[in-house]
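Read off the chains here:
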Amino acid sequence: MNAPLTSKLLAPQAATVEFLLDGRSVTARADETIWAVAKREGTTLPHLCHKEGLTPAGNCRACVVEVEGERALAASCCRNVGAGMKVQTQSPRATVARRMVVELLVSDAGATTDTYTKTSELSHWAEQLAAPRGRLPQRDAPHYAAADLSHPAIAVNLDACIQCTRCLRACRDEQGNDVIGLALRGAHAQISFDAGATLGESSCVACGECVQACPTGALMPARGAGLLEVTKQVDSVCPYCGVGCQLTWNVGPNAQGEERIHYVTGRDGPANHGRLCVKGRYGFDYIHNPRRLTAPLIRREGVAKDPADIERLKQGQLKPTDIFRTATWDEAMELAAGGLARLRDEALAAGLRGNDIPLAGFGSAKGSNEEAYLFQKLVRQGFRTNNVDHCTRLCHASSVAALLEGIGSGAVSNPVEDVAHADLVFLIGANPAVNHPVAASWIKNAVDRGARLVICDPRHTALTRRATWHLQFRPDTDVALLNGLLHVIVAEGLVDEAFVAARVNGYEALKASVAEATPERMSEICGIDAQTIRDVARAYATSKGSMILWGMGVSQHVHGTDNARGLIALAMLTGQIGRVGTGLHPLRGQNNVQGASDAGLIPMMLPNYQRVINPTVREAFERLWATPEPLDATPGLTVVEIMHAASEGRIRGIYVEGENPAMSDPDLGHARRALAGLEHLVVQDIFLTETAMLADVVLPASAHAEKWGSYTNTDRLIQIGRPALDPPELAMQDLWIIERVGRRLGLTWNYWRDEDGGGKRASQAAVARVYEEMRVSMPPLAGVPWSRLVKAGAVMTPAASEDDPGAAVVFIDRFPTADGRATVVPTVFRPGAEQIDAEYPFVLTTGRVLEHWHTGAMTRHASMLDAIAPEALVSLHPADALTVGVRDGQAVLMSTRHGAVQARVRVSTEVQPGQVFLPFAFWEAAANKLTGDALDDVAKIPGFKVTAARLSVIA
């Protein structure tokens with residue numbers, strides 16, 4: 001079933017050669033550079049234009065070596081080794097040349113480099129080589145002198161620039177953003193942004209790759225961060241999207257002597273290889289925000305819960321102290337757990353069981369695997385119900401439902417980076433340049449190397465210009481488009497008959513269902529011309545490797561499960577799965593939505609997707625958990641169903657850990673009223689979120705950078721998060737809080753022990769105890785004990801044994817189903833619940849913007865991110881702007897059948913005529929006030945992506 005890591009499946013290695021390096025015989029590959037081999041052999045040559053991971057340029061000549069028989073010295077960073085070559089790295093000629101090169105560069109930038117950074121590579125090599133200072137004239141060009149401080153996150157100091165072009169190559173070749181260039185010539189040459197703009201005015205996306213690449217401080221984190229004292233570096237993993245980039249927190253004292261994260265650098269992790277995006281690199285200081293919760297809060301007696309208080313608090317008309325008072329931990333825990341226990345015990349005494357227990361829990365996809373596991377255990381064992389869910393219900397529930405049905409697993413078949421081996425990348429309903437920027441960089445790199453890119457999306461995105469085909473179909477017509485592609489594959493004999501016969505069930509039914517779905521008929525529905533449908537179908541089916549990636553533009557529909565079924569059928573009918581460069585990959589949204597789902601934070605599944613209705617499964621968990629009472633056999637309610645039950649009085653108490661349904665749920669007016677109507681609401685979080693504003697008890701928790709934990713990314717890669725700091729004041733570790741609530745509900749848990757401390761400081765031992773229990777019930781983690789995970793930092797799963805490197809590519813020989821075969825399920829196009837009409841003529845689509853995440857609970861509290869993107873903007877096509885009579889930047893009222901918000905217009909051709917786009921991270925224009933709560937029949941996911949809307953100009 002499984003294959004080894006993709007890195008071991010690359011093209012055959014180059015031939016091996018032998019040569020002399022400083023008189024010693026050395027063996028190396030013919031495609032290795034002298035610089036790389038010398039480093040491996042213990043000699044690190046000076047280098048300023050060279051950086052591992054960047055395309056070699058050889059323009060600074062600081063790394064030159066002498067090759068016997070050659071007239072000129074060779075730049076070792078871009079010169080490959082050859083058989084019989086004789087290389088001298090320390091010859092007098094090479095040594096003198098290197099010193100002279102560095103002396104010349106010091107004359108250019110040496111006067112300022114140390115004023116911008118404490119880690120100048122230029123100063124380092126000048127010292128190492130004893131390069132003289134002062135013999136040569138200093139550079140004095142007026143156009144280099146003025147600093148460019150126009151960007152909130154990055155400072156530009158070109159007087160320290162040596163034109164090594166590392167930044168240019170990092171921007172162009174690694175991240176594929178093409179913002180940085182080298183302008184002018186000779187003495188006037190300089191780095192430029194978008195042909196002469198300031199950085200703040202340019203198209204820079206602030207990934208910071210240029211900053212990480214710069215050797216002199218010419219590009220630095222803003223606010224003088226490079227000059228701050230760093231006393232420790234902590235390796236961890238990014239807290240934002242599902243890519244799972246590894247990073248390093250650089251920690252030191254502030255002016256008051258308090259420990260702070262000063263800046264972030266990328267690490268060479270399996271998912272990112274040093275790359276980060278704007279959120280990972282500059283979205284860290286939310287943990288230091290003065291609005292952090294630092295003590296338990298209890299609602300003041302007599303203060304009713306009013307949804308309108310959310311806006312009043314946000315606008316400063318009310319203060320938190322008007323609604324809440326601070327409390328001790330004992331008092332808060334007594335009230336929080338006591339209220340939950342009372343509701344449970346009253347229900348049990350009345351003979352209620354399962355979904356009739358009036359309690360529910362919302363866990364978090366941003367917390368660790370251990371927190372997710374313990375939280376779902378708390379609800380199932382402590383609340384005695386399966387009413388537990390998290391944000392997967394609002395993002396990829398339909399994808400998981402279709403994948404479990406079709407191939408027996410909700411996990412991805414191939415990692416994102418496998419696009420490097422694909423001949424065709426099929427990207428549908430996803431905007432990774434915004435939502436998964438590092439993943440987008442792998443796609444850009446693949447296209448630049450020759451892969452063809454198909455984008456299926458009603459909107460233009462940053463990747464559109466690289467696409468061979470952009471299928472800008474009509475919103476909500478995914479099924480018609482996919483059935484048209486399937487029709488062509490069947491009708492033109494492009495089916496992999498051998499693969500289907502050996503490994504696929506349901507083909508004949510699918511074949512019959514798409515027989516009438518001709519490209520001509522489907523074109524009338526989806527708006528893509530028939531010939532393009534044929535061209536794309538042929539390209540996908542006949543490619544040596546086609547890989548499908550999709551996002552919430554596929555899943556967040558009332559027919560999201562059908563959309564995913566169509567994608568599964570594409571892969572199955574063509575055999576485009578089970579090999580490198582092929583497969584199915586739903587891009588996971590949050591950093592641990594994969595892990596939280598794996599750990600059982602969903603209402604119908606126990607850990608490892610084992611159904612609660614299965615008595616054998618329940619018995620196994622009853623033994624593992626030593627439950628005095630049988631676990632309930634009824635699948636629990638999902639997020640939206642819980643809100644309906646709350647509004648009807650059937651759910652009376654909810655425990656929310658790290659989620660924000662008062663911003664993330666559809667039809668926010670209804671959701672907020674339901675939350676306000678609860679008899680008992682407990683919220684555990686790091687900020688007073690919109691949900692916390694309606695709580696009875698608020699428990700201050702730990703942020704990502706303050707705790708130990710494991711996280712599973714979109715590739716199935718499980719990684720370690722490490723604490724850089726302690727939580728502030730009286731805030732406590734999430735795991736400690738969950739366990740203490742459990743104990744007060746009568747559970748005899750003993751994960752967090754006296755020797756682990758009082759719950760403030762992170763405890764690796766306590767987290768490891770939960771992890772090891774979780775691992776017992778999850779076979780994909782069988783070969784990943786805590787000790788291995790901590791040592792390795794990252795392990796690809798599934799891993800059957802401790803010496804198993806893990807499987808990057810799965811489903812090679814069989815699928816994890818009873819018969820080892822996949823099942824394709826026919827679909828039929830049907831219009832969604834939301835339809836436009838004369839009153840509501842626009843189709844509203846919601847989504848993210850690059851700088852913000854989810855409900856903005858973290859990113860709106862990150863100073864640099866909020867400075868870059870401070871407000872919600874409605875994207876509107878120029879033709880529609882004329883019709884509505886609105887100008888760019890003008891305020892409009894957007895109304896739907898569910899609510900209304902005000903926002904300013906951004907006139908843009910990124911959207912089609914008749915379509916508008918609004919991001920959902922901004923409380924000032926909360927997009928989910930506008931969306932309905934109609935659900936997918938199978939996955940119970942709301943249809944966020946299509947809502948009928950109208951616009952009117954605000955005078």
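Residues numbered from 1 in each chain as written. Predicted model: local features only at pLDDT ≥ 70, side-chain atom pairs only at ≥ 80, totals over all residues. Heavy atoms only, no water.

**Examining the sheet that holds strand β12 (residues 259-266)**
Going by this rule: Between any two strands, at least two bridges found by DSSP are needed for them to pair. Helix and strand labels come from DSSP, where a helix needs a run of H or I of at least four residues and a strand needs a run of E of at least two; each type is numbered from the N terminus. Note on definitions: angles span 0 to 180 degrees between N-to-C directions of axes, and those axes are lines fitted to C-alpha atoms, for helices only across the stretch in contact.
Taken together, three strands build an open sheet; the order of strands is β10-β11-β12 and the sheet is antiparallel. Strands with a single pairing partner mark the edges of an open sheet, and in this sheet they are β10 (232-237) and β12. Between one strand and the next, the sheet's axes are offset by a mean angle of 30°, whatever the strand orientation. Relative to strand β11 (residues 246-253), β10 runs antiparallel, the two sharing six bridges. Considered in β11, the bridge of V234 is made with W249.

**Focus: the pairing of strand β37 (residues 947-953)**
Sheet analysis places strand β32 (residues 842-847) next to β37, joined by three bridges and oriented antiparallel. From the neighbouring strand, V843 faces β37, where its bridge partner is A948. Sheet topology places strand β34 (residues 891-896) next to β37; five bridges connect them, and they run antiparallel. Bridging from a neighbouring strand, V892 pairs with V953 of β37.

**Quick look at the sheet that holds β32**
Strands pair in a sheet through their backbones, by hydrogen bonds, and they do so in one of two ways: parallel or antiparallel. Spatially, β32-β36-β33-β35-β34-β37 is the arrangement adopted by the six strands of the closed barrel, whose pairing is mixed. Each strand of the sheet is rotated relative to its neighbour by a mean of 45°, with strand direction disregarded. Across two bridges, the pairing between strand β33 (residues 873-876) and strand β36 (residues 915-919) is antiparallel. The residue of β36 that forms the bridge with L876 is V916.

**With respect to the layout of surface pockets**
The criterion, for reference: Both cavities and pockets are sets of points on a 1 Å grid over the protein atoms alone; in a cavity a 1.4 Å probe fits but cannot get out, in a pocket the set is open with protein on both sides within 12 Å along at least five of seven lines, and lining residues sit with an atom within 4 Å of a point. Grid points are joined across faces, edges and corners, and a volume is the space filled by probe spheres set on the points.
Estimates place the volume of the second largest pocket at around 930 Å³. Lining the second largest pocket we find 38 residues, and of these V434, L850, E851, R906 and E910 sit closest to its centre. The biggest single contributor to the lining of the second largest pocket is helix α15 (residues 437-448), with three residues.

**A closer look at the environment of W469**
Stated precisely, the cut-off is as follows: Under the scheme applied here, a residue whose accessible area is under 20% of the maximum for its type counts as buried, over 50% as exposed, and between as partly exposed, the area being computed with a 1.4 Å probe on protein chains only.
Here W469 is to be found in strand β19 (residues 469-471). Looking at W469, the relative accessible area reads 18%, which means it is buried. Residues W469 and C456, 13 residues apart in the sequence, show an inter-C-alpha distance of 8.2 Å.

**A look at the environment of C391**
Under the convention used in this document: It only takes one pair of heavy atoms within 4.5 Å for two residues to be counted as in contact.
With respect to the element layout, C391 can be found in the loop between β16 (388-389) and α13 (397-407). The exposure class assigned to C391 is buried, which follows from its relative accessible area of 3%. When the C-alpha positions of C391 and L601 are compared, they lie 9.5 Å apart, and in sequence the two are 210 residues distant. Sequence-distant contacts of C391, that is, excluding residues within four places in its chain, are made with A365, Q590, V593, E659 and H854.

**Structural notes on unusual backbone geometry**
A cis amide bond links T797 to the next residue, P798, at an omega of 0°. Along the chain, P798 turns up in the loop between β30 (794-796) and β31 (822-823). Phi angles above zero are rare outside glycine, and R223 is one such case at about 70°. Considering the arrangement of structural elements, one finds R223 in the loop between β9 (219-221) and β10. Owing to a relative accessible area of 58%, R223 belongs among the exposed residues under this scheme.

**Re the pairing of strand β27 (residues 697-700)**
Across the two faces of β27 the burial is the same, with V697 and L699 and V698 and P700 all buried. The pairing of strand β13 (residues 297-299) with β27 spans two bridges and is classified as antiparallel. Residue L297 lies in a different strand from β27, and its bridge partner there is V698. Across four bridges, the pairing between strand β26 (residues 680-685) and β27 is parallel. For Q684, the partnering residue across the bridge sits in β27 and is L699.

**Points about the packing of aromatic side chains**
Selection rule: Each Phe, Tyr or Trp ring (for Trp, its six-membered ring) is paired with any other whose centre lies within 6.5 Å, and the angle between the two planes then decides the class: stacked below 30 degrees, edge-to-face above 60, tilted in between.
One pass over the full model with this rule turns up nine aromatic pairs. Taking the centre distance of 6.0 Å and the plane angle of 70° together, the rings of F426 and Y540 count as edge-to-face. Note that F426 is positioned in strand β17 (residues 424-428) and Y540 in helix α20 (residues 530-542), a separation of 114 residues in sequence. Y540 matches F426 in its accessibility class, with the two residues each being buried. Here a set of aromatic residues connected by ring pairs shows up, and it is made of Y373, F621 and W625.

**What to know about the nonpolar core**
Formally: The criterion is simple. A nonpolar core is a set of buried Ala, Val, Leu, Ile, Met, Phe, Trp, Tyr and Cys residues joined through side-chain atoms within 4.5 Å.
Ranked by size, the top nonpolar core spans 138 residues in total, and within it L219, W249, I261, Y286, L453, Y655 and I737 carry the most contacts. For Y655, the residues in contact, after removing those within four places along its chain, are L340, A360, G361, F362, F375, L378, F383, V682, Q684, I737, I738 and V741. The next biggest cluster of nonpolar side chains, apart from the first, holds 55 residues, and it includes I489, M522, V536 and I577.

**Overview of the environment of V156**
Relative to the assigned elements, V156 resides in strand β6 (residues 154-156). By relative accessible area, which is 2% here, V156 ends up buried. As a C-alpha pair, V156 and G757 span 601 residues in sequence and 45 Å in three-dimensional space. Contact partners of V156, with chain neighbours within four places excluded, come to A147, D148, F193, L199, A218 and L219.

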